[in-house]
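What follows is the residue order along each chain.
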Amino acid sequence: MSLTSARAADAPLRTAASVLAEAADTRATVVLSGHVQPDADALGSTLALAEGLRRQGARVLVTFPGPFTLPASLGWLPGAEGLVPSTAVPSSPDVFVSLDAASPARLGELAVLLDAAGTSVVVDHHASNPGFGDVQLVDGGAPATVTLVAGLLDELGVALDRRLATCLYAGLAADTGSFRFGNTRPETHELAARLLATGIDHSDISRRLFDTAPFGWLGLLSVVTGRAVLEPDVGAGLVWTYSSTAEAGEHGLPGEQLEALVDVVRSTEEADVACVLKGQDDGSWSVSLRSRGATDVARVAMALGGGGHVLAAGYSSHLDREKTIEALRMELRAA
Ligand code: MN
């Protein structure tokens, strides 16, 4: 990369950092939010940036769109106890920061802050991000939003310590599949090394995030994998199954436990695309897609009203189960 293009690539980072530095210097009110049903990257990036800005003098409020419940696997993150519901944040803060949200819709009721805030800053790494907000730090090549936040903290002069590193590592490990996914780059491991050097217990973080579930998980998993359907002739091969928040409840599990199902289903060798339909309380389907590499599921999800990454994406469907799968088959055949 030439010096000129290196500077061009750094420009959004510098612009975003200068907005946040000024907010801290003037003790402005900054509201930060990740996407609805926040995951480790959304929450980790939000909590880390909030703590960094707080240390620099900003008045910080951290929230996320309703429903205001966190999965048990994330509630322990440092700073999570300070999260407030969206109803508790000012309607026109000086600065609003959106983190890990691929579109305004992913901010739910907080999307109005994109216009209502003095300045809105969007920090995200989704390939499908259309570009929104006043200041955009969006890098579709970044493996996680926490890597962009680490850059912001460096630019702001905030030193990484265990508290910040724990939040950043959670997002980094989650979005790279513990450094297994193709989005992992040399600088990803360099950041991980910096985080480990603060003294965080990365083994404990990983166990809490990925390797802990109630016994009922085994029962749910057996039912859901037992009804999986393989359709090798659809696109480059499709494997799909379904469950629901109600079914998770029958096994004594919270609805967010459904998120981990696709990680089991996607190991199917004969199918390039794995799909899990997750029935929501309102009767709609939340659809998770994963690709083994031959299919751009971000494009498929966008065609069906959602978004995401090339190898991991999702959308919502208000059709019944069979019509939802048929619409997906049609997109995959066209892909
Ligand atoms: Mn992410």
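Quick caveat: nothing in here was measured; it's all calculated off a predicted structure.

Asks: Is there a simple way to think about the side chain of Ser120 in this case?
Replies: Within the secondary structure, Ser120 sits in strand E4 (residues 119-124). The class for Ser120 is buried, based on a relative accessible area of 0%. If sequence neighbours within four positions are ignored, Ser120 has contacts with Phe96, Leu113, Leu114, Gly133, Asp134 and Val135.

Asks: Even after reading the chapter, I still don't get the environment of Leu152, so can you show me in this structure?
Replies: Residue placement: Leu152 occurs in helix H4 (residues 145-156). As a C-alpha pair, Leu152 and Ser18 span 134 residues in sequence and 9.4 Å in three-dimensional space. Filtering out sequence-adjacent residues up to four positions away, Leu152 remains in contact with Leu13, Ala16, Ala17, Leu20, Leu49, Val123 and Leu137.

Asks: Is there a simple way to explain the packing of aromatic side chains in this structure?
Replies: For any two aromatic rings, the description comes down to two numbers: the centre-to-centre distance and the angle of the planes. Under the counting rule described, the total for this entry stands at 3 aromatic pairs. Here Tyr242 and Trp285 contribute two aromatic rings whose centre-to-centre distance is 6.5 Å and whose plane-to-plane angle is 80 degrees, an arrangement assigned as edge-to-face. Note that Tyr242 is positioned in strand E7 (residues 238-244) and Trp285 in strand E9 (residues 285-291), a separation of 43 residues in sequence. By relative accessible area, which is 21% here, Tyr242 ends up partly exposed. In this structure, Arg208 is placed above the aromatic ring of Trp76, and the distance from its NZ or CZ to the ring centre is 4.8 Å. Its end group placed over the ring of Tyr242, Arg227 keeps NZ or CZ at 4.3 Å from the ring centre.

Asks: What exactly am I supposed to notice about the pairing of strand E11 (residues 312-317) here?
Replies: Regular strands place side chains that alternate from one sheet face to the opposite one. Here E11 shows a buried face lined by Ala313, Tyr315 and Ser317 and an unburied face lined by Ala312, Gly314 and Ser316. As judged from the 6 bridges shared by E9 and E11, these two strands associate in the antiparallel manner. Across the sheet, Val287 pairs through a bridge with Tyr315, a residue of E11. Strand direction decides the pairing type here: strand E10 (residues 307-308) and E11, joined by 2 bridges, are antiparallel. Following the sheet pairing, Gly308 is matched in E11 by Ala313. Hairpin connection, E10 to E11: the antiparallel pair is bridged by 3 residues.

Asks: How should the coordination of the manganese ion be read in this particular structure?
Replies: By definition of the ideal shapes, a tetrahedral metal site with four donors has angles of 109.5 degrees and an octahedral site with six donors has angles of 90 or 180 degrees. Protein coordination of the manganese ion is provided by Asp41 (OD), Asp100 (OD), His125 (NE2) and Asp175 (OD), with donor distances spanning 2.1 to 2.3 Å. Summarised as a motif, the one-chain spacing of the donors to the manganese ion is D-x58-D-x24-H-x49-D. With Asp100 in the loop between strand E3 (95-99) and helix H3 (113-116) and Asp175 in helix H5 (residues 162-175), the pair connects residues that are 75 residues apart, well separated along the chain. Take Asp100 and Asp175: they sit in the same class, and that class is buried.

Asks: I tried to follow the pattern of salt bridges on my own but got confused; where do I start?
Replies: If the charged atoms of two oppositely charged side chains come close together, the side chains can form a pair. A complete count under the given rule lists 17 salt bridges for this structure. Residue Arg208 is joined to Asp204 by a salt bridge in which the shortest nitrogen-to-oxygen separation is 2.9 Å. Of the two residues, Arg208 and Asp204 are both situated in helix H7 (residues 202-210); the distance of 4 residues between them amounts to about one turn of the helix. What emerges from the salt-bridge pattern is a single network uniting Glu51, Arg54, Arg55, Asp161 and Arg163.

Asks: How should I be thinking about the sheet that holds E3 in this particular structure?
Replies: Pairing between sheet strands relies on hydrogen bonds along the backbone, with the strands arranged either parallel or antiparallel. Read from one edge of the open sheet, 5 strands run E2-E1-E3-E4-E5, paired in parallel fashion. The open sheet terminates on both sides in strands that have one partner only, identified here as strand E2 (59-63) and strand E5 (135-138). In this sheet, neighbouring strand axes are inclined to one another by 15 degrees on average, regardless of whether the strands run parallel or antiparallel. Bridge analysis of strand E1 (residues 29-33) against E3 gives 4 bridges, and the strand direction is parallel. Paired with Leu32 across the bridge in E3 is Val97. Contacting E3, E4 and E5, H4 crosses the sheet at an angle of about 125 degrees to E4.

Calculation notes
Residues numbered from 1 in each chain as written. Predicted model: local features only at pLDDT ≥ 70, side-chain atom pairs only at ≥ 80, totals over all residues. Heavy atoms only, no water. Helix = DSSP H or I, 4+ residues; strand = E, 2+ residues; numbered from the N terminus. Buried < 20%, exposed > 50% of the residue type's maximum accessible area, 1.4 Å probe, protein only. Contact = heavy atoms within 4.5 Å. Phe/Tyr/Trp six-rings, centres within 6.5 Å; stacked < 30°, edge-to-face > 60°. Lys NZ or Arg CZ within 6 Å of the ring centre and 35° of its normal. Pairing = 2+ DSSP bridges. Donors = N, O, S within 2.8 Å, 3.2 Å for Na, K, Ca; no water. Salt bridge = Lys/Arg side-chain N within 4 Å of Asp/Glu carboxyl O. Axes fitted to C-alpha atoms, helices over the stretch in contact; angles between N-to-C directions.

Just geometry here; none of it tells us what the structure is for.
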